[in-house]
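# Structural overview for review
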Amino acid sequence: MSHHLAGWNGAFQAELTQDGPEAWLGDRDKLMTWPDGWKVGFEPTRLINSEGEVVAEEGDHLHATGGLDGEGRWAVTMIER
């Protein structure tokens, strides 16, 4: 469960790690979880919503709202360009 805290701005970035994809906006110190059904694709790096539409490509500036989840990650509830 997340609690609404505020918004976060930055360039969309992602990397494939041993544990799977990790994605964030701006500085890497804020790893994010995305809404249910969203995923990160690679080659090219992009954020894909639950309908299969590309929401952002690497470097696109986004504004996300949400809050911290139980693991200290930013649980995104809404994305805007």
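Attention here is on the structure that accompanies the text. The numbering scheme is per chain: residues are counted from 1 as the chain's sequence reads. Given that this is a predicted model, residues contribute local features only at a pLDDT of at least 70 and side-chain atom pairs are listed and counted only at 80 or more, while totals for whole chains, interfaces and linings are drawn from all residues. Side-chain metrics rest on all non-hydrogen atoms present in the structure, leaving aside hydrogens and water.

Here we come to the environment of alanine 56. Summarising the element assignment, alanine 56 is placed in strand 6 (residues 54-57). Considering only alpha carbons, one finds alanine 56 and threonine 45, 11 residues apart in sequence, at a separation of 8.7 Å. In contact with alanine 56, not counting residues within four places along its chain, are Phe12, Arg46, Leu47, Leu62 and Arg81. Secondary structure elements are defined from DSSP: runs of H or I of at least 4 residues count as helices, runs of E of at least 2 residues count as strands, and each element is numbered from the N terminus. Here, two residues are considered to be in contact whenever any of their heavy atoms come within 4.5 Å of each other.

Here we have three strands laid out as an open sheet, ordered 4-5-6, and antiparallel in their pairing. The open sheet has two free edges, formed respectively by strand 4 (39-41) and strand 6, since each of these has just one partner strand. Averaged over neighbouring strand pairs, the angle between their axes works out to 25 degrees when direction is ignored. Being paired, for any two strands, means DSSP has found at least two bridges between them. Bridging between strand 4 and strand 5 (residues 46-48) involves three bridges; their strand directions are antiparallel. In the strand pairing of strand 5, valine 40 is matched with leucine 47. Under this scheme, a helix contributes an axis fitted over its contacting stretch, all axes are lines through C-alpha atoms, and angles between N-to-C directions fall in the 0 to 180 degree range.

Here we take up the pattern of salt bridges. Opposite charge on two side chains permits them to pair, given that their charged atoms come into close proximity. Basic side-chain nitrogens of Lys or Arg form a salt bridge, by our definition, when they fall within 4 Å of a carboxyl oxygen of Asp or Glu. Within the structure shown, the criterion is met by two salt bridges. Arginine 73 is the partner of glutamate 22 in a salt bridge, and the nearest nitrogen-oxygen pair spans 3.9 Å. Of this pair, glutamate 22 sits in strand 2 (residues 20-25) while arginine 73 sits in the loop between strand 7 (61-68) and strand 8 (74-80); the two residues are 51 residues apart in sequence, bridging distant segments of the chain. On the basis of relative accessible area, arginine 73 is assigned to the partly exposed category, the value being 25%. A salt bridge links arginine 81 to aspartate 60; the shortest N-O distance between them is 2.7 Å. Exposure classes here rest on a 1.4 Å probe applied to the protein chains alone. A residue is buried below 20% of its type maximum, exposed above 50%, and partly exposed in between.

With that settled, the discussion passes to the pairing of strand 6. Across a regular strand the side chains alternate sides, sitting on one face of the sheet and then on the other. Where strand 5 and strand 6 come together, three bridges link them in antiparallel fashion. Within strand 6, the residue paired with arginine 46 across the bridge is glutamate 57. The antiparallel hairpin formed by strand 5 and strand 6 contains five residues in its connecting segment, where glycine 52 sits at a positive phi of about 85 degrees.

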